[in-house]
Amino acid sequence: MASRVALGKSRPSFDEYYMNIAGAVSTRSNCLRRSIGAVIVNEGRIVSTGYNGTPRGLKNCNEGGCKRCSSDASSGTKLGECLCSHAEENAIVQAAYHGIGIKGSAIYTTHSPCLFCTKLILNAGIREVVYSTRYPLSDVPMRMLKEAGVRLRKV
């Protein structure tokens, strides 16, 4: 098999590599509204991944598990009715579930984090957030991350 370099294609940067993986992780989402993926990287090694969807043991969103997602609620409304866990939340919880420390790590996510996920990121000790698309309701979370000294980058 020919190598990428031999075919004239350059290797992706680590940011591109991890963001591409976050994109692939997002394809596992069962949310009807938005597919988001997250990858936690510690010292150059992927230690956890997460995608958005209903919690373990519940009917998947795409099977009617989350009534808000299948309703006509406008974006950003009725969020208190949404049963889905977010990608960043799931990546952090999966690390904890498997006993993997993530303090000082970076999280690559397809969308900038919401307020709830920002609080989880801060309390988990994640030191860098890298995202590709800005979440529409992200002004306060962005300010919080900056104030707490978390490196924030859009790629």
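Please refer to the structure placed before this passage.
Now for a description of the structure that goes with this document. Quick caveat: nothing in here was measured; it's all calculated off a predicted structure. (Residues numbered from 1 in each chain as written. Predicted model: local features only at pLDDT ≥ 70, side-chain atom pairs only at ≥ 80, totals over all residues. Heavy atoms only, no water.)

**Looking at the pairing of strand β3 (residues 106-111)**
Across the 6 residues of β3, 6 count as buried, placing the element largely inside the fold. Where β3 and strand β4 (residues 128-133) come together, 5 bridges link them in parallel fashion. Considered in β4, the bridge of Y108 is made with V130. At this point the chain moves from β3, through helix α3 (residues 115-124), to the parallel β4, and the crossover so formed is right-handed. (Buried < 20%, exposed > 50% of the residue type's maximum accessible area, 1.4 Å probe, protein only. Helix = DSSP H or I, 4+ residues; strand = E, 2+ residues; numbered from the N terminus. Pairing = 2+ DSSP bridges. Right-handed = clockwise from strand over helix to strand, strands pointing away.)

**Some thoughts on a nonpolar patch on the surface**
The grouping of F14, Y17 and I46 at the surface amounts to a nonpolar patch, some 300 Å² of accessible area in total. Within the fold, I46 resides in strand β2 (residues 45-51). I46 sits in the partly exposed class, given a relative accessible area of 31%. (Patch = residues over 30% accessible without salt bridge, like charges linked within 9 Å, V, L, I, M, F, W, Y side chains within 5 Å. Areas by Shrake-Rupley, 256 points an atom, 1.4 Å probe, with all protein chains shown as cover. Salt bridge = Lys/Arg side-chain N within 4 Å of Asp/Glu carboxyl O.)

**Notes on the pattern of salt bridges**
Going through the model one piece at a time under the given rule, you end up with 4 salt bridges. Close ionic contact of R153 with D15 constitutes a salt bridge, the shortest N to O distance being 2.6 Å. Of this pair, R153 sits in strand β5 (residues 151-154) while D15 sits in helix α1 (residues 14-26), placing them 138 residues apart in sequence. Residue R153 is classed as buried on the basis of its relative accessible area of 19%. Here E128 and R153 are joined by a salt bridge, their closest N and O atoms 2.6 Å apart. With E128 in strand β4 and R153 in strand β5, this pair connects stretches of sequence that are 25 residues apart. When sorted by exposure, E128 lands in the same class as R153, which is buried.

**Observations concerning the side chain of E89**
Mapped onto the fold, E89 is located in helix α2 (residues 87-97). Residues contacting E89, with those up to four places away along its chain left out, are F116, C117 and L120. (Contact = heavy atoms within 4.5 Å.)

**What about the packing of aromatic side chains?**
In the structure shown here, the tally under the stated rule is 3 aromatic pairs. Taken together, a centroid distance of 5.9 Å and an interplanar angle of 20° make the contact between F14 and Y18 stacked. Of this pair, F14 and Y18 both sit in helix α1, 4 residues apart, roughly one helical turn. On the accessibility criterion, Y18 (5% relative accessible area) is buried. (Phe/Tyr/Trp six-rings, centres within 6.5 Å; stacked < 30°, edge-to-face > 60°.)

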